[in-house]
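# Notes for the structure review
For reference, the chains in residue letters:
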Amino acid sequence: MKVVILAGVLYCSGSFSQTATIPGKPSAGTTSSTRGVEVSVIAKGARGDGVTDDSAAFQAAVNAACGGGTVLVPEPSVKYRLANNINLCGNLNIKGVQSRIFFDYRAFAGALFNASNSLDSNITIDGLWIDGYRAAKGATNQHYALFFRGFKPRLSNITVRNCRITNLLDTNFPHSSDRATDAVYVQYADNVTLENNVVDHIAGYGLHLASVSNFKILKNAINETAYASIKLAADNHNGVVAYNTVTGTGADTPHTRAEGGSIDMPSTTSYANTPNTHVAVLYNDLSGKHDYGNAIRAGAAQYLTIVGNRIHDLSGDLRPIYIGLRDRVDQTGRGIHDVVVARNTLVANTAGGVGISVINDGAGNTSVPVAKNITIDGNYILSPDSSNYFYSCLYVSGTSSGIEAVQVKNNICEASGDGVGAAGAFAFVGSSGKPAVNFQVHGNHLRFPTGVTRTKDQFGIVVFDRANVVARNNHLDSYWTQIHEVVNATNIILSGNVCTGTFSSCLSLNSSFIAEPPLIWLSPL
């Protein structure tokens, strides 16, 4: 399968307030006289002793380098203490050597490094270590380590790489009421790169983008965020999220990834009611505790590719990969289409729920369009735990809003516990009054071990309220109660499927609900 990565845009939630500023905010669009100039914060008076407020020295260095220069942040003798906002400007580089900065946000509200002027473009921040030292735990205001926000015009060419942002906590951690203690926030911007950063113990979101186009989030290591580790709120277009590592145990915090999980793309209506489009989520490693969330979640997803991710050792209340609208009445006029979920590995997960879910439920909102063009191909799903099990390996539902043109092929669902298949290892559930049609279910392998004491009924492929379903060349083996169950469905073709092992029946028909023509069964048993 060929994956084409275009570019992307991300949105941020939460308002931004700045109650204290440093005099001498640099003017955007400074002349090119500073191009190539290097200005050290030490030369501007920074002490780096961990006690003195070095904010004025940092601001002076920024002012001197605006328009094309570089601010140098050498390794301090102890650490730089910054107790006020540093206002950035356009055409600026800030270069450190993992230089440690104490973000003392007990003293002020808002962002430590702030670029919110409409001309603050072409900014690169490289090699800083911004640490709250947990000393700011008593603070309750919004706090961002790095804040970039354009509007008219939008910002462009924003890069954050090789930085560490750690220990940004607040009184309500991890339940910050505004969830606006973020490591990096970018809104209304184009050409954004967040690469090779470390983010650890953040009271809000880790990397948070909103209304961003042409973005790359690459090779970041994120641990213990109270809310989503990578958040693409809405109106994000043409981007890639790849080779990131996201984890968290919740061992020293009461909550971890409580909303949205590791990678969250909810398409919230706060941002012009515009969904995320053309986003590729590739080869990320996601693990650890999730409190009421998902490893990967997408709301009104359009032209979304989720390929090659490794999702493992999860715990908590979640569905590892969740795509769709459910119980969301704010999805007016938006929908799900052109989604590929392929070659992902879900192993050693003890969380309850479903391995891969695609659900189009507008909760009665008739403006939600039918979901369509969904491909689920070549995924491997293993659930080893017998008590905390995947209820289904794969669950596709058009309840309330409809779904059509779905391909499910070459997937392996393997269970060593008792619960998989209680609602159908592969469950396809229809809708009332909306189309749920044109399903191709080919070449999948459902495995269930012998020698396991079964306490529940297990079903292989369940088709309920569907029309035009073709299931061919699937292999369903070992110890299922019933391999195929077809209820209230029309135009069903089951061809070339193989059932092996111990089961009570390979095909279960609820004849009182099957419409004409009921079924074509071509498989030898």
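Calculation notes
- Along each chain, residue indices are assigned from 1 in the same order as the chain's sequence is written.
- With the structure being a predicted model, the display of local features is reserved for residues of pLDDT at least 70 and the display and counting of side-chain atom pairs for 80 or more, all residues being used for whole-chain, interface and lining totals.
- By convention in this description, side-chain values take in all heavy atoms of the structure and omit both hydrogens and water.
- To form a nonpolar core, buried Ala, Val, Leu, Ile, Met, Phe, Trp, Tyr and Cys residues must be joined to one another through side-chain atoms within 4.5 Å.
- For every residue, the accessible area (1.4 Å probe, protein chains only) is compared with the maximum for its type, and the residue is labelled buried under 20%, exposed over 50%, or partly exposed between those bounds.
- The helix count covers DSSP runs of H or I at least four residues long, the strand count covers runs of E at least two residues long, and both are numbered beginning at the N terminus.
- We call two residues in contact whenever any of their non-hydrogen atoms come within 4.5 Å of each other.
- The distinction between a cavity and a pocket rests on a 1 Å grid over the protein atoms alone: a 1.4 Å probe fits inside a cavity but cannot get out, while a pocket stays open yet meets protein on both sides within 12 Å along at least five of seven lines, and a residue with an atom within 4 Å of a point counts as lining.
- Grid points are joined across faces, edges and corners, and a volume is the space filled by probe spheres set on the points.
- Here the nonpolar group is Ala, Val, Leu, Ile, Met, Phe, Trp, Tyr, Cys and Pro; Asp, Glu, Lys and Arg are the charged ones; every other residue, Gly included, is treated as polar.
- Between rings of Phe, Tyr and Trp, where Trp is taken as its six-membered ring, a pair exists when centres lie within 6.5 Å; planes separated by under 30 degrees are stacked, by over 60 edge-to-face, and by other angles tilted.
- Geometrically, a lysine NZ or arginine CZ counts as sitting over a ring once it is within 6 Å of the ring centre and also within 35 degrees of the ring normal.
- The term salt bridge refers to a pairing of a side-chain nitrogen on Lys or Arg with a carboxyl oxygen on Asp or Glu at a separation within 4 Å.
- Two cysteine sulfur atoms form a disulfide, by the criterion used here, when they sit within 2.5 Å.

### Overview of the nonpolar core
Within the largest apolar cluster, 94 residues are counted, with the highest numbers of intra-cluster contacts made by F58, L88, F113, L146, F148 and I323. Tallying contributions element by element places strand β12 (residues 181-195) first for this core, with six residues. Excluding residues within four positions of it along the chain, F113 makes contact with F58, L82, I86, L88, I94, I101, L128, I130, A145, L146 and F147. Counting eight residues, the second largest nonpolar core, distinct from the first, contains L218, L282, V307 and A342.

### Observations concerning empty space enclosed by the protein
This structure, assessed with the given rule, holds one cavity of 30 Å³ or more. Here the largest cavity defines a volume of roughly 60 Å³. In terms of lining residues, the largest cavity is bounded by 13 residues, among which M265, N276, A301, Q302 and L304 are the most central. Looking at the lining of the largest cavity, the elements with two or more residues in it are β20 (277-282) and β23 (302-307). Of the residues contributing to the lining of the largest cavity, the split by class is seven nonpolar, six polar and no charged.

### Considering the packing of aromatic side chains
Following the criterion strictly, the structure yields nine aromatic pairs and no others. On the numbers, 5.2 Å between centres and 65° between planes, the contact of F151 with Y188 is edge-to-face. Placement of the pair is F151 in the loop between β9 (143-149) and β10 (155-161) and Y188 in strand β12, with a sequence separation of 37 residues. Aromatic rings pair up to connect F103, Y105 and F108 into one cluster. When the ring centre of F102 is taken as reference, the NZ or CZ atom of K79 above it lies at 5.3 Å.

### Brief notes about the pattern of salt bridges
Taken as a whole and judged by the stated rule, the model has six salt bridges. The closest approach of N and O atoms between D285 and R310, which form a salt bridge, is 3.6 Å. Of this pair, D285 sits in strand β21 (residues 285-293) while R310 is found in strand β24 (residues 310-318), placing the two residues 25 residues apart along the sequence. Looking at D285, the relative accessible area reads 23%, which means it is partly exposed. Here the residues in one salt-bridge network are K231, D264 and R297, joined through shared partners.

### Description of the state of the cysteines
All chains considered together, the criterion is met by one disulfide. Residue pairing for C66: its cysteine sulfur links by disulfide to C89, the two sulfurs lying 1.9 Å apart. Note on the C66 and C89 pair: the S-S dihedral is about -110°, so by sign convention the disulfide is left-handed. Of this pair, C66 sits in the loop between α1 (55-65) and β3 (70-73) while C89 sits in the loop between β5 (86-87) and β6 (92-103); the two residues are 23 residues apart in sequence, bridging distant segments of the chain. An identical accessibility class is assigned to C66 and C89; each is buried.

### Some points on unusual backbone geometry
Most peptide bonds adopt trans geometry, and most residues besides glycine take a negative phi value. Cis peptide bonds are those with omega within 30 degrees of zero, and the linkage from K152 to P153 qualifies with 0°. Residue position: P153 is located in the loop between β9 and β10. Phi at N191 is positive, roughly 60°, even though this residue is not glycine. Within the secondary structure layout, N191 lies in strand β12. Not every positive phi belongs to a glycine, and Y303 is a case in point at roughly 55°. Residue placement: Y303 occurs in strand β23. Looking at Y303, the relative accessible area reads 38%, which means it is partly exposed.

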